[in-house]
Amino acid sequence: AEDVEVSLLALNPNIGGPKNLPILESYLDDEECEAKKISSHKPRLVILGSGWGAVGLVKNVNPNDYHITVISPRNHFLFTPMLPSATVGTLEFRSLVEPIRRIVASVNGHYIEASAEKVEFQDRLVEVKQHLPDGSSRDFYVPYDKLVVAVGSQTNSHGVNGLEYCNFLKTIEDARLVREKVFRNLELACLPGTSEDERKRLLSFVVCGGGPTGVEFAAELYDFLNEDLCNTYPKLLRNLVSVHIVQSQGHILNTYDEKISQYAQERFINDSIDVLTNARVKSVEPDRVIFSQKNADGVAENKELPCGMCLWSTGVTLCDITKDIAASLPGHQRNKRAIETDTHLRVLGAPLGEVYAIGDCSTVRTNITEHIVEFLKTYAVKANVSIENYEITFQQWRDIAQNIKRRFPQASEHLRRVDSLFTEFDQDHSGTLAFAELTALLKNIDSKVTSLPATAQRANQQGIYLGRKFTKLARAQESLAMDEVVNKDIDDLVHRPFAYHHLGSLAYVGNAAVFDFNGYSLVGGLVAVYLWRSVYFAQSVSFRTRALLFMDWLTRGLFGRDITPL
Ligand code: FAD
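Residues numbered from 1 in each chain as written. Predicted model: local features only at pLDDT ≥ 70, side-chain atom pairs only at ≥ 80, totals over all residues. Heavy atoms only, no water.

Enquirer: Sorry, what's going on with the overall build of the protein here?
Expert: Across its full length, the protein carries 19 helices and 28 strands. Contacts spanning at least 24 positions in sequence make up 65% of the contacts within the protein whose residues lie at least 6 apart. About 26600 Å² of surface is accessible on the protein, with carbon and sulfur atoms providing 51% of the total. (Helix = DSSP H or I, 4+ residues; strand = E, 2+ residues; numbered from the N terminus. Contact = heavy atoms within 4.5 Å. Areas by Shrake-Rupley, 256 points an atom, 1.4 Å probe, with all protein chains shown as cover.)

Enquirer: Can you help me understand the packing of aromatic side chains in this one?
Expert: The relation between two aromatic rings is expressed through the spacing of the ring centres and the mutual angle of the planes. Scanning all chains against the criterion turns up 11 aromatic pairs. Aromatic side chains Trp-52 and Phe-77 sit 5.1 Å apart centroid to centroid with 75° between the ring planes, which places their arrangement in the edge-to-face category. Separated by 25 residues along the polypeptide, Trp-52 in helix H2 (residues 52-58) and Phe-77 in strand E5 (residues 76-78) bring together distant segments of the chain. For the pair Trp-52 and Phe-77, a shared accessibility class is recorded, and that class is buried. Ring plane angle 45° and centroid distance 6.3 Å describe the contact between Phe-537 and Trp-553, whose orientation is recorded as tilted. (Phe/Tyr/Trp six-rings, centres within 6.5 Å; stacked < 30°, edge-to-face > 60°. Buried < 20%, exposed > 50% of the residue type's maximum accessible area, 1.4 Å probe, protein only.)

Enquirer: I'm lost on the packing of helix H5 (residues 172-190) against helix H7 (residues 212-232) in this one. Help?
Expert: The relative placement of two packed helices is expressed as an angle between their axes plus a distance between the axes. It is the contact of H5 with H7, at a shortest axis distance of 13 Å, that shows an interaxial angle of 40°. In terms of axis orientation, H5 runs oblique to H7. Note on packing geometry: the crossing formed by H5 with H7 is right-handed. On the side of H5, the interface is formed by Val-178, Val-182, Phe-183 and Leu-186, while H7 contributes Phe-217, Leu-221, Phe-224 and Leu-229. Looking at the contact of H5 with H7 residue by residue, the class counts come to 8 nonpolar, no polar and no charged. (Axes fitted to C-alpha atoms, helices over the stretch in contact; angles between N-to-C directions. Parallel < 35°, antiparallel > 145°, perpendicular 65-115°, else oblique. Left-handed = near helix turned anticlockwise from the far one by under 90°. Nonpolar A, V, L, I, M, F, W, Y, C, P; charged D, E, K, R; others polar.)

Enquirer: Would you mind going over the site of the ligand with me for this structure?
Expert: For the ligand, the set of nearby residues contains 29 residues, the closest of which are Ser-50, Gly-53, Thr-80, Ala-116 and Asp-360. Contact distances for the ligand include 2.9 Å between an oxygen atom and a backbone N or O atom of Ala-456. Tyr-536 is positioned such that a nitrogen or oxygen atom in its side chain is 2.9 Å from an oxygen atom of the ligand. For the shell around the ligand, the secondary-structure elements that each account for two or more residues are H2, strand E8 (115-120) and helix H15 (456-479). Ranked by residue count, the leading element in the shell around the ligand is H15, at 3 residues. Counted by class, the shell around the ligand contains 14 nonpolar, 12 polar and 3 charged residues. In terms of domain composition, the shell around the ligand takes at least three residues from each of domain 1 (11-73 + 113-153 + 318-364 + 455-477) and domain 2 (163-315). (Near = heavy atom within 4 Å. Polar contact = N/O pair within 3.5 Å; in protein donor to acceptor, adjacent residues only side chain to side chain. Domains from an automatic or database assignment.)

Enquirer: Looking at this structure, I do not really get the side chain of Asp-228. What am I missing?
Expert: Checked against the element boundaries, Asp-228 lands in helix H7. Apart from the residues within four sequence positions on either side, Asp-228 is in contact with Asp-223, Gly-560 and Arg-561.

Enquirer: How do you make sense of the nonpolar core when you look at a structure like this?
Expert: The tendency in soluble globular proteins is for nonpolar side chains to be buried as a group. Ranked by size, the top nonpolar core spans 97 residues in total, and within it Leu-96, Phe-268 and Phe-470 carry the most contacts. No other element matches the 9 residues that H7 contributes to this core. Setting aside residues up to four positions removed in sequence, Leu-96 forms contacts with Phe-77, Leu-78, Phe-79, Met-82, Leu-83, Ala-86, Leu-91, Ile-172 and Leu-549. Counting 26 residues, the second largest nonpolar core, distinct from the first, contains Leu-24, Ala-114, Leu-147 and Ile-325. (Core = buried A, V, L, I, M, F, W, Y, C linked by side-chain atoms within 4.5 Å.)

Purely geometric stuff here, so don't read any function into it on its own.
Pasting the structure below:
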């Protein structure tokens, strides 16, 4: 990157845009650029968000090609996979965060601590709101040439009443509040006047949601109770503590391989963590969780659990800005759960090549059928027959299915179904299937497989993809002939479409870890835990956070967890 001092941003004294708000002035004026020997005509790349997607992008785009501005109300990047470890003092909060300014400064970019409220596609403006300390706010527009929406998601309430009594686990502040509550409840339970029933209630921890976040929190809590509680608090407390997981599905970690979810469940039951499956939370009250659970006959029974702390981690939903963007592109956006993009991650319905969406707030409209037809075409060309007359062998189908599974792991189940249907057609797999028969089997697969997993892995891959593509785009625009730039799909011309590569899922389940690598599962104790740590250590965002993580693990090994509720 060029060594350029980043100027302070200024608002244009003239107002504009549909709401007549001040507009952010261009970044460096011509004179400044001249003095610093950089181009003042670089496109303005505006990125909404400071999470996995945004940081993946910032770290991979060439800063010499764009004026980069990151807008986010959160002034740090958060390493979410290890957030559950911070709730009981296994790791420190600062080890999981990296100031976004430091990341943005490395590309000579600007950071604005504010929320995006609306995108004006025609004017290429983002309406931004900055909350001021006196409770007021300041609204203005930020102009862009390229906009990337990476605003993530927010907690899904599922319409359940009483969430004001729950804790959440999405931000560093959430983790701090959980930690405070765990330690406060322990202290309250130790007070001389507290009755035994009240002690049991205070020390009853209920986790709503049996996905990775809920499971990892329960595991961390359980480790803390076993490893540190008895050394620091009266031993009597240990018998009063209980941890419950309320899960609406038949298993915890139900998106993982069945073997893994079974292992985790058995391990938890063995560890006396109460796993309540097929149970749906109806409401939360200050001192209890009310839920219904299906009995062996499939009849739902109403039950309740007294609780001192309830963690709500039952999935995510759209942020307001995401809803607004989708709603402002009617006729193009059909998905109710995310902004839809094409395979180049361009928002469908927005002016081509100007607005992109990545990470949890987005979904790629799948074109699995197209991919399969492409493969079939190559086979047909090789065999010198038309695609309509081509007969596919089982082995060819397996090769195609393997490739599709790698690109769209969420299609695995549907492809397996085709496998078994294929078998019905052809018991010994020695025959072939006509093109028409195969397409009939695959009918509607695209509408059935609509979204990629909402994970850091996906957001990061999409950020890296856009970073590399934008760099290529900037170069291509200099070298391509004007008619190519104007008349062709330039994204498609310079870079392949985004392909998601599922590298596996992992989860910590209390002195053991589980891995799911594309259908191959690995479960285990200490070795798996070290492997789990190494994966995250390697993925950590900076050398500073890696050093801090290492220190935390070392300190915990030597002195136990930090039990100060800071
Ligand atoms: P985020 O990382 O959530 O970032 C969104 C950003 O947008 C934030 O900076 C936010 O402040 C900002 N923003 C919000 N609204 C606005 C607005 N209006 N204007 C501007 N900016 C805005 N995934 C895994 O792959 N593996 C794991 O082990 C794993 N563990 C997890 C554990 C926990 C506790 C949690 C909460 C999540 C976990 N995830 C995991 C999921 C993963 O964190 C998300 O999928 C990932 O963060 C999505 O990245 P993103 O960039 O889309 O959004």
